[in-house]
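These are the residues of each chain, in order.
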Amino acid sequence: MKAAPRPRIDVNLEELDQIIDGGMRAPLSESDGEKLKAVLHILAERAKPRWRTTEKTCAVLPQPPSSEPAAEKPSVEGERQPAGHGRNGAARFTSARTVQVQHKTLHPGDICPECGVGKVYRQKEPKTLVRIVGRPPLEATRYEMERLRCNGCGEVFTADEPAEAGTEKYDETAAAMIAQLRYGSGVPFKRLERLEGNLGIPLPAATQWGVAKKAALGLRAVYDEYIRQAALGEVIHNDDTGMRILRLAREPADSRTGIFTSGIVSLGPGWKIALYFSGAKHAGENLAELLKQRPPGLAPLIQMCDALSWNTSHLPEGVERLLAHCMSHGRRQFIEVAENFPEECRYVLETLGGIWHHDALARERKLSPAERLRFHQEHSSPLMKTLHEWMEAQLAERKTEPNSGLGKAIRYMLRHWLPLTLFLREPGAPVDNNLVERILKKAILHRRNSLFYKTLNGARVGDLFMSLIHTCELNGANPFDYLTELLRHAEELKQSPSGWMPWNYRETLARSVAA
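What you are looking at is a predicted structure, and each value in this text was computed from that prediction instead of being measured.

**Let's talk about the overall build of the protein**
Looking only at helices and strands, the protein features 19 helices and nine strands. The C-alpha radius of gyration computed for the protein amounts to 32 Å, which surpasses the reference 24 Å derived for 515 residues by more than 25%, pointing to a less compact arrangement than a globule. Taken along its principal axes, the extent of the C-alpha atoms in the protein is 115 × 80 × 75 Å. Of the contacts formed within the protein by residues at least 6 apart in sequence, a portion of 67% connects residues at least 24 apart. Summed over its atoms, the accessible surface of the protein is roughly 32,700 Å², and 52% of this surface lies on carbon and sulfur atoms. Side chains of the protein give 70 positive and 64 negative charges; the mean places of these two sets differ by 2 Å.

Below, the structure is given as structure tokens:
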């Protein structure tokens, strides 16, 4: 039973000194004793160690103090160094407008004004200066065409509209920015309406939705191409998170009540595709729909997910897969019981930490899938073998109660050991499902800021833009520039959507300009 809260008592240090001095000469009174108890409980509460705020091993299980010098961590040749911190250099501003400033008096080849002998020449690297200005997310330009009226016949003559004004009130850049703010950064339409209104640009939420919906219709072809190419992937991650859709009609035979946003990341040679699907179907069903477009005869794909059955069910006939489970989910089982079994969990967490350490080194060295496999087999396989033997011994020798928290964590790892360790047997198999966990943060951001989608159609518009925006981020493309160019070439991409992927749309634009 939870203890009743202690009554509030106001005390100060001088009063406490007097109580303690009096207690040394005579027994404490009841009121003085209550005051000392109140202070003691406050100090004990503040001195209590706070539970973890992250899942890093050092936060879950702080290292015990030791008088012996810390043992050096075994390292692998070429171990990565910690990343540096500091200001962003001018080269990081890749989308900044560049203005070239020439010297006022000197030109390449001129005589040096200092020594009068040598000639000056242009340096390879100019001096750079970055200036950042603030502007509204969406700006408006008001064109005032002059009108002239004849005082004789009354005829009115109006200046022609400038070509730069365009034919539509909302430019492609406006639609791209609304989509980027709404579905890429989680800014609700109403919040953007309030911001733009304060800056003198009326932009009602209903108007923003109309602009986004119209843009989504023009981009449907490239979204369908994403799905087609994602079905060709060599490694596919999938998972889902909860979502709310207020008006969602279900099939009469469907008695389920859950609503999800499924995230799927497909990895192919040189590209990554992120896809979102919101509705009553869970991640396994959405992946099955996607894989219906996978041509027969391809090599077995690697599917990475957690151990939930609905992530792996409903696979279409004829599609072969190698199942990999997320090591992070197995690790989390020990995180949750670390407070009760600190030493056992410390051993497991530090052993698993070596696996991610080796995987990070493989990424930094840019090893091929086959080289990465050999690297893990050399450095990670001994760790996993020792861990497996330790966990089996914990249960076989009754060192751990099978139904305890630690026992359940061990049994989870042993039950899923083969899919958890696929990265030790198959080239390209990932260690964890963190890639799709990260893309689901966009859906979670939307859910936190906007709470829900109103209709299934609104959810589909959100899925489309989130897929396009996050695929750009995975492939190092600028989402705003990408959406703008897609909207400007909507008719062209319908003819050949495969040429308008984030990794090749710039080449397509260059070819169209050259033609």
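**Notes on the environment of Leu 424**
Along the polypeptide, Leu 424 turns up in the loop between helix H14 (417–420) and helix H15 (434–450). Given the relative accessible area of 13%, Leu 424 is considered buried. With 48 residues separating them in the primary sequence, Leu 424 and His 376 have C-alpha atoms 6.2 Å apart.

**Structural notes on the nonpolar core**
A general tendency of soluble globular proteins is for nonpolar side chains to be buried together. Among the nonpolar cores identified, the biggest contains 99 residues, and Leu 219, Val 222, Leu 275, Phe 334, Met 413, Phe 465 and Leu 468 are the most heavily contacted of them. With residues near it in sequence (within four places) discarded, Leu 275 still touches Tyr 223, Tyr 226, Ile 227, Ala 230, Ser 262, Gly 263, Ile 264, Leu 290, Ile 439 and Ser 467.

**A look at the pattern of salt bridges**
Under the defined criterion, the tally for this structure stands at 17 salt bridges. One salt bridge in this structure joins Lys 292 and Glu 289, with 3.0 Å as the shortest N-O distance. The salt bridge involving Lys 494 is made with Glu 491; its shortest N-O contact spans 3.7 Å. Taken together, the residues span about one helical turn, with Lys 494 and Glu 491 both in helix H18 (residues 490–495) at a distance of three residues. Residues joined by salt bridges that share partners form a network here, namely Lys 281, Glu 289 and Lys 292.

**Some points on the packing of aromatic side chains**
Scanning the model with the defined rule gives six aromatic pairs in all. Consider the rings of Trp 271 and Trp 503, whose centres lie 5.9 Å apart with planes at 15 degrees: the pair is stacked. Residue Trp 271 is located in strand S6 (residues 271–279), and its partner Trp 503 is located in the loop between H18 and helix H19 (505–514); the two are separated by 232 residues in the primary sequence. Assessed through its relative accessible area of 11%, Trp 271 is described here as buried. An aromatic cluster is built from Tyr 183, Phe 189 and Phe 465, whose rings are joined through pairwise contacts. One cation-aromatic arrangement involves Arg 182 over Phe 189; the distance from NZ or CZ to the ring centre is 4.8 Å.

**Comments concerning the sheet that holds strand S3 (residues 235–242)**
In spatial order, the strands read S6-S5-S3-S7-S8; together these five strands make up an open sheet with mixed pairing. Strands at the two margins of the open sheet, each flanked by one partner only, are S6 and strand S8 (321–325). The average angle at which neighbouring strand axes cross in this sheet is 20 degrees, direction not considered. Relative to the sheet, helix H8 (residues 283–291) contacts S3, strand S5 (260–268), S6 and strand S7 (301–305), its axis offset from that of S3 by approximately 140 degrees.

**A word on helix H13 (residues 405–415)**
Since the α-helix turns once every 3.6 residues, residues separated by three or four places project in the same direction. When H13 is considered as a whole, its buried residues turn out to be Leu 406, Gly 407, Ala 409, Ile 410, Tyr 412 and Met 413. Close packing links the buried residues of H13 with helix H9 (327–335), helix H10 (342–364), helix H12 (381–396) and H14.

**A short note on the packing of H10 against H12**
Two elements in contact, H10 and H12, have axes separated by 10 Å at closest approach and are oriented at 160 degrees. The angle between H10 and H12 places the two elements in the roughly antiparallel class. Crossing of H10 over H12 shows left-handed handedness. Facing Glu 344, Tyr 347, Val 348, Thr 351, Leu 352, Gly 354, Ile 355 and His 358 of H10, the residues of H12 in contact are Leu 383, Met 384, Thr 386, Leu 387, Trp 390 and Gln 394.

**A look at H8**
Among the nine residues in H8, eight count as buried, and that is most of the element. Looking at H8, one finds that the buried residues are Ala 283, Gly 284, Glu 285, Asn 286, Leu 287, Ala 288, Leu 290 and Leu 291. If you follow the buried residues of H8, they end up packed against helix H7 (220–230), S3, S5, S6 and S7.

**Observations regarding the pairing of S5**
Of all nine residues in S5, nine are buried; the element is thus mostly enclosed. Residues of S5 alternate between two faces, with Phe 260, Ser 262, Ile 264, Ser 266 and Gly 268 on one and Thr 261, Gly 263, Val 265 and Leu 267 on the opposite face, all of them buried. Bridge count for S3 against S5 is eight bridges, and the pairing is antiparallel. Considered in S5, the bridge of Thr 241 is made with Thr 261. Pairing between S5 and S6: nine bridges, direction antiparallel. The partner of Gly 268 across the bridge, within S6, is Trp 271. Between S5 and S6, which pair antiparallel in sequence order, lie two residues; one of them, Gly 270, sits at a positive phi of approximately 85 degrees.

**Details of unusual backbone geometry**
Phi is positive for Lys 366, which is not a glycine, with a value near 55 degrees. Turning to its location among the elements, Lys 366 is positioned in the loop between H10 and helix H11 (369–379).

**Some remarks on the confidence of the model for the protein**
Detailed reading of the predicted coordinates is not advisable wherever pLDDT falls low. Averaged over every residue, the pLDDT of the protein is 86; residues scoring 70 or more account for 90%. Overall, residues 49–53 carries pLDDT values under 50, and its contacts beyond four positions in sequence, including any with other chains, amount to nine contacts. In this model residues 66–74 is a low-confidence stretch, pLDDT under 50, and it forms one contact with partners more than four residues away in sequence or in other chains.

**Quick notes on the side chain of Asn 238**
Summarising the element assignment, Asn 238 is placed in strand S3. Here Asn 311 takes part through its backbone oxygen, which lies 3.1 Å from a polar atom of the side chain of Asn 238. When near neighbours in sequence (up to four residues on either side) are disregarded, Asn 238 contacts Gly 263, Ile 264, Ala 283, Gly 284, Leu 287, Gln 303, Met 304, Cys 305, Asn 311, Asn 433 and Val 436.

Conventions used here
- Residues numbered from 1 in each chain as written.
- Predicted model: local features only at pLDDT ≥ 70, side-chain atom pairs only at ≥ 80, totals over all residues.
- Heavy atoms only, no water.
- Helix = DSSP H or I, 4+ residues; strand = E, 2+ residues; numbered from the N terminus.
- Rg over C-alpha atoms; globule rule 2.2 N^0.38 Å.
- Contact = heavy atoms within 4.5 Å.
- Areas by Shrake-Rupley, 256 points an atom, 1.4 Å probe, with all protein chains shown as cover.
- Lys, Arg positive; Asp, Glu negative; His and termini not counted.
- Charge placed at Lys NZ, Arg CZ, Asp CG, Glu CD.
- Buried < 20%, exposed > 50% of the residue type's maximum accessible area, 1.4 Å probe, protein only.
- Core = buried A, V, L, I, M, F, W, Y, C linked by side-chain atoms within 4.5 Å.
- Salt bridge = Lys/Arg side-chain N within 4 Å of Asp/Glu carboxyl O.
- Phe/Tyr/Trp six-rings, centres within 6.5 Å; stacked < 30°, edge-to-face > 60°.
- Lys NZ or Arg CZ within 6 Å of the ring centre and 35° of its normal.
- Pairing = 2+ DSSP bridges.
- Axes fitted to C-alpha atoms, helices over the stretch in contact; angles between N-to-C directions.
- Parallel < 35°, antiparallel > 145°, perpendicular 65-115°, else oblique.
- Left-handed = near helix turned anticlockwise from the far one by under 90°.
- pLDDT = per-residue confidence, 0-100.
- Polar contact = N/O pair within 3.5 Å; in protein donor to acceptor, adjacent residues only side chain to side chain.

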